[in-house]
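# Survey of secondary and tertiary structure
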Amino acid sequence: MKYNMTLTPEEEAILNGSQGETMAKVMKTLVLYGDAFGATKMVPVTSEKGHLVTSFGLKVMKPVYSLMDQLIEGGALSKQKFSVDPKPLDPNVPANFLQKTIFNKFMYSMQDSYDKQLADMGLIDDKSYTCTCYMEEVGNIPKKGDILSWAESSAVVFANSVLGARCNRNSGIIELFGSIVGKVPYFGLLTDEGRKATWIVEVKTTKKPEAQILGSAIGMKVMEDVPFVKGLDKFIGTELDGDTKAYLKDFGAATASNGAVGLYHIENLTPEAVEMGENLIEENAKVYVIDDAELERVQANYPVMWKNKEATPKLCFVGCPHLSHAQLIEWTDNVAAGLKKNGLKKVSIPTVFTAAPAVIDEFNKTPYAKKLADTGVILSYICPLMYMNNPLCKSMPVITNSNKLRTYTTSRYYRSDEILDIITKEAK
Ligand code: F3S
């Protein structure tokens, strides 16, 4: 096979079948992928753990299941244990009979057998289903400078920007192949050059911007480029503590889904920005100024995909990406206080908060678990996007404070304060 990048003798041997035919095919795919992006060589994956994006046993994904079988039979297993994105189903999440039938019999009928394949391939354990694998409770936290083979866009942008790890925006399956070989092609966000900012974003708002709208505005403007954000440290500080990380999680997921950002730098806050300051900015970088009016313009322009724009919401999702422990506590307090203020006992719209199984376990050990249950909010480990990814949910009026969920589904976006107001007031 012809290729342009430089391979070590060992890599070339794998390509020529030294570790079997299956491994050779996996290596070939990685080399072709790297060549397509102008990679110069392969570099070792150095993170302790991997993360896969494909978590759902969708019936139509037959090629994935036969591929997994071939890999497992050929002994091409992941060299690193990995976590995986959230499951699509949870019996606790409201669904009517028709939805349940469609979910279990037609859409996700392969879930159990795919879960087994994931376990055989190297899944950490059956609690490792979350997009926020980097939460302390979950424990898949790459170190600064680690090379990763991940694909989940919200996790990639967090690992690159907040943790200072290095990972490209790979696609599903390619990231598994990187974990199998233990190497990834060297290009893009793995290189010093590829991590330089080509945009300066100046935040000039009068108050702390809503993370999901700020991220959305930046994503839509810079697309796949790297932004250097100035003026945000004024609102979120210069310490990467739990609150700031949770803010950046939501901000980053919006940059990655409303655009295709894989890395951002926040002046005086994120590791590379602290280390290198403005040396990270390319000459002739473009400038984007964000003030209150710009954020309002961005929110006002989100299309409402509901057939009846006045419909009463049937379901509300909070937690895409999955909520942190502190966010769960804050939401619990806010919902309880909102209901009390409005003289209600339970939320007026069926509401689901989503978080990683390990975060939910910890939360359930606290008195907040009862406080939240008393409000009627359901706590689940699912991916709301997977839940909504079917014709029945498409026509359902769902609300969310997630800009990622808004982008990929018919759900309607509201800011967190608006969501709180809607679910704690008498429904119209
Ligand atoms: Fe996570 Fe699913 Fe949202 S993977 S970021 S909860 S779309």
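This text goes with the structure placed above it.
Before going into details, it helps to say that this report is about the structure given with it. (Residues numbered from 1 in each chain as written. Predicted model: local features only at pLDDT ≥ 70, side-chain atom pairs only at ≥ 80, totals over all residues. Heavy atoms only, no water.)

### Thoughts on the overall build of the protein chain
- Along the backbone of the protein chain there are 19 helices and 13 strands.
- Against the 2.2 N^0.38 benchmark of 22 Å for 428 residues, the protein chain shows a C-alpha radius of gyration of 22 Å, consistent with a compact globule.
- Within the span of the protein chain, comprising 428 residues, buried residues form 57% of the whole.
- A separation of at least 24 residues holds for 79% of the contacts in the protein chain among residues at least 6 apart in sequence.
- For the protein chain, the accessible surface area stands at approximately 18400 Å², while carbon and sulfur atoms represent 53% of it.
- A distance of 6 Å separates the average location of the 48 positive side-chain charges in the protein chain from that of its 51 negative side-chain charges. (Helix = DSSP H or I, 4+ residues; strand = E, 2+ residues; numbered from the N terminus. Rg over C-alpha atoms; globule rule 2.2 N^0.38 Å. Buried < 20%, exposed > 50% of the residue type's maximum accessible area, 1.4 Å probe, protein only. Contact = heavy atoms within 4.5 Å. Areas by Shrake-Rupley, 256 points an atom, 1.4 Å probe, with all protein chains shown as cover. Lys, Arg positive; Asp, Glu negative; His and termini not counted. Charge placed at Lys NZ, Arg CZ, Asp CG, Glu CD.)

### Side note on the site of the ligand
- Surveying the vicinity of the ligand reveals the residues D85, P86, C131, E152, S154, C320, P321, C383, P384, L385 and K404.
- By residue class, the composition of the shell around the ligand is 7 nonpolar, 1 polar and 3 charged. (Near = heavy atom within 4 Å. Nonpolar A, V, L, I, M, F, W, Y, C, P; charged D, E, K, R; others polar.)

### Here we look at the pairing of strand β5 (residues 197–203)
- Within β5, 5 of the 7 residues are buried, which leaves it mostly tucked inside the rest of the structure.
- Here 6 bridges tie β5 to strand β8 (residues 281–290), and the two strands are oriented parallel to one another. From the neighbouring strand, E202 faces β8, where its bridge partner is V289.
- Pairing between β5 and strand β6 (residues 227–230): 4 bridges, direction parallel. Across the sheet, residue V201 finds its bridge partner in β6, namely V229.
- Assessed by its sense of winding, the connection that carries the chain from β5 through helix α8 (residues 211–222) to β6 is right-handed. (Pairing = 2+ DSSP bridges. Right-handed = clockwise from strand over helix to strand, strands pointing away.)

### What about unusual backbone geometry?
- Look at the link from C320 to P321: it is a cis peptide, with omega at 5 degrees.
- In this fold, P321 is placed in strand β9 (residues 315–323).
- A positive phi angle, near 65 degrees, is found at N268, a position not held by glycine.
- One can find N268 in the loop between β7 (265–266) and α11 (271–276).
- Look at N268 and you get partly exposed, because its relative accessible area is 40%.
- Even without being glycine, N284 reaches a positive phi, approximately 60 degrees.
- Of note, N284 is situated in strand β8.
- On the accessibility criterion, N284 (75% relative accessible area) is exposed.

### Quick word on the pairing of strand β10 (residues 351–355)
- Taken across its 5 residues, β10 has 5 buried, putting it largely inside the fold.
- What you see with β10 is no split at all: T351, F353 and A355 on one side and V352 and T354 on the other are buried throughout.
- Of the pairings in the sheet, the one linking β9 to β10 comprises 4 bridges and is parallel in character. Each bridged residue has a counterpart across the sheet, and for L323 the counterpart in β10 is A355.
- For the segment spanning β9, helix α13 (residues 325–341) and β10, crossover handedness is right-handed.
- Sheet analysis places β10 next to strand β11 (residues 378–380), joined by 3 bridges and oriented parallel. Note that in β11 the partner of T354 across the bridge is S380.

### Remarks on the sheet that holds strand β13 (residues 412–413)
- Taking strand neighbours across the sheet as the criterion, the 5 strands line up as β11-β10-β9-β12-β13 in an open arrangement whose pairing is parallel. Bordering the open sheet on either side are β11 and β13, each of which pairs with just one other strand.
- Taken together, the 3 bridges between β9 and strand β12 (residues 398–400) define a ladder with parallel strand orientation. Across the sheet, F317 pairs through a bridge with T400, a residue of β12.

### Re helix α6 (residues 153–161)
- Of all 9 residues in α6, 9 are buried; the element is thus mostly enclosed.
- Taken residue by residue, α6 has S153, S154, A155, V156, V157, F158, A159, N160 and S161 as its buried positions.
- At its buried positions, α6 is contacted by α10 (242–258), α11, β9 and α18 (403–408).

### Focus on the packing of aromatic side chains
- A full pass over the atoms with the stated rule returns 11 aromatic pairs.
- Relative to F37, the ring of Y33 lies with its centre 5.5 Å away and its plane at 75 degrees, an arrangement referred to as edge-to-face.
- Accessibility expressed as a relative area gives 12% for Y33, which makes it buried.
- Centroid distance Y134 to F158: 3.8 Å. Interplanar angle 10 degrees. Geometry classified as stacked. Separated by 24 residues along the polypeptide, Y134 in the loop between α5 (111–121) and α6 and F158 in helix α6 bring together distant segments of the chain. In terms of burial, Y134 and F158 fall into one category: buried.
- Three or more aromatic residues link up through ring pairs in this structure, and these residues are F103, Y108, F317 and Y387.
- The ring of Y129 is capped by K87, whose NZ or CZ atom sits 4.5 Å from the centre of that ring. (Phe/Tyr/Trp six-rings, centres within 6.5 Å; stacked < 30°, edge-to-face > 60°. Lys NZ or Arg CZ within 6 Å of the ring centre and 35° of its normal.)

### Overview of a negative patch on the surface
- Together, E239, D241, D243 and E330 line one region of the surface with negative charge.
- Within the fold, D243 resides in helix α10.
- Since its relative accessible area comes to 56%, D243 is described here as exposed. (Patch = residues over 30% accessible without salt bridge, like charges linked within 9 Å, V, L, I, M, F, W, Y side chains within 5 Å. Salt bridge = Lys/Arg side-chain N within 4 Å of Asp/Glu carboxyl O.)

### Remarks on the pattern of salt bridges
- All told, the structure shown has 20 salt bridges when counted by the stated rule.
- Between E202 and K204 there is a salt bridge, with its nearest N and O atoms 3.3 Å apart.
- Members of the salt-bridge network, linked through shared partners, are R415, D417 and E418.

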